Amino acid sequence: QVQLVESGGGLVQPGGSLRLSCVASGRTFSTYAMGWFRQAPGKEREFVAAIGVRSTKYADSVKGRFTISRDNAKNTVYLQMDSLKPEDTAVYYCAVRYQYSTTKDIDYNYWGQGTQVTVSS
């Protein structure tokens, strides 16, 4: 079983930046695909970004503003969020998949507890 712990959420003004982190347990982290998803109040959970061994994927709504990266030595995946908008407000979750990365939340095996991101002036 893999345990995931997210951090880095908070309150930021529109146009600001945040960096989320997700630390994963497990000895084979470098082989995992990692994803970030988010869920706003009253909405379904949606894909944000994913990273495999070499490739990355982004939702159209965040492309060019968000960057996903990983540090295998630290068992950590990051989500750098720039030019934040009020519509980015949500609880952000990281997730792990034992195979290649996908954009579907049902494909992921384990989930973190989530971290709140609020974009407001």
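To start, this report covers the structure provided alongside it.

1. Overview of the overall build of the protein
The helix and strand tally for the protein stands at zero helices and 11 strands. Traced from its N-terminal end to its C-terminal end, the protein shows the element sequence β-β-β-β-β-β-β-β-β-β-β. For the protein, the C-alpha radius of gyration of 13 Å lies close to 14 Å, the compact-globule estimate for 121 residues. Projecting the C-alpha coordinates of the protein onto the three principal axes gives extents of approximately 40 × 25 × 25 Å. Counting across all 121 residues of the protein, residues that qualify as buried make up 44%. In the protein, the share of contacts with a sequence separation of at least 24, taken over all contacts with a separation of at least 6, comes to 58%. In the form shown here, the protein has an accessible surface area of approximately 6,400 Å², with 46% of it arising from carbon and sulfur atoms. Considering the protein, the positive charge centre built from 14 side chains and the negative charge centre built from 10 side chains are found 7 Å apart.

2. With respect to the sheet that holds strand β8 (residues 76–81)
Taking strand neighbours across the sheet as the criterion, the four strands line up as β1-β3-β8-β7 in an open arrangement whose pairing is antiparallel. Strands at the two margins of the open sheet, each flanked by one partner only, are β1 (4–7) and β7 (66–71). Across the sheet, the axes of successive neighbouring strands diverge by a mean angle of 15°, strand direction being ignored. As judged from the four bridges shared by β1 and strand β3 (residues 18–24), these two strands associate in the antiparallel manner. Within the sheet, the bridge partner assigned to Ser7 lies in β3 and is Ser21.

3. Structural notes on the state of the cysteines
The final tally for this structure, using the stated rule, is one disulfide. The disulfide partner of Cys22 is Cys94, and the gap between their sulfur atoms is 1.9 Å. Given an S-S torsion of about 45°, the disulfide between Cys22 and Cys94 has right-handed geometry. Residue Cys22 is found in strand β3, and its partner Cys94 is found in strand β9 (residues 90–97); the two are separated by 72 residues along the sequence. For the pair Cys22 and Cys94, one class covers both residues: buried.

Cut-off values and rules
Residues numbered from 1 in each chain as written. Predicted model: local features only at pLDDT ≥ 70, side-chain atom pairs only at ≥ 80, totals over all residues. Heavy atoms only, no water. Helix = DSSP H or I, 4+ residues; strand = E, 2+ residues; numbered from the N terminus. Rg over C-alpha atoms; globule rule 2.2 N^0.38 Å. Buried < 20%, exposed > 50% of the residue type's maximum accessible area, 1.4 Å probe, protein only. Contact = heavy atoms within 4.5 Å. Areas by Shrake-Rupley, 256 points an atom, 1.4 Å probe, with all protein chains shown as cover. Lys, Arg positive; Asp, Glu negative; His and termini not counted. Charge placed at Lys NZ, Arg CZ, Asp CG, Glu CD. Pairing = 2+ DSSP bridges. Axes fitted to C-alpha atoms, helices over the stretch in contact; angles between N-to-C directions. Disulfide = S-S within 2.5 Å.

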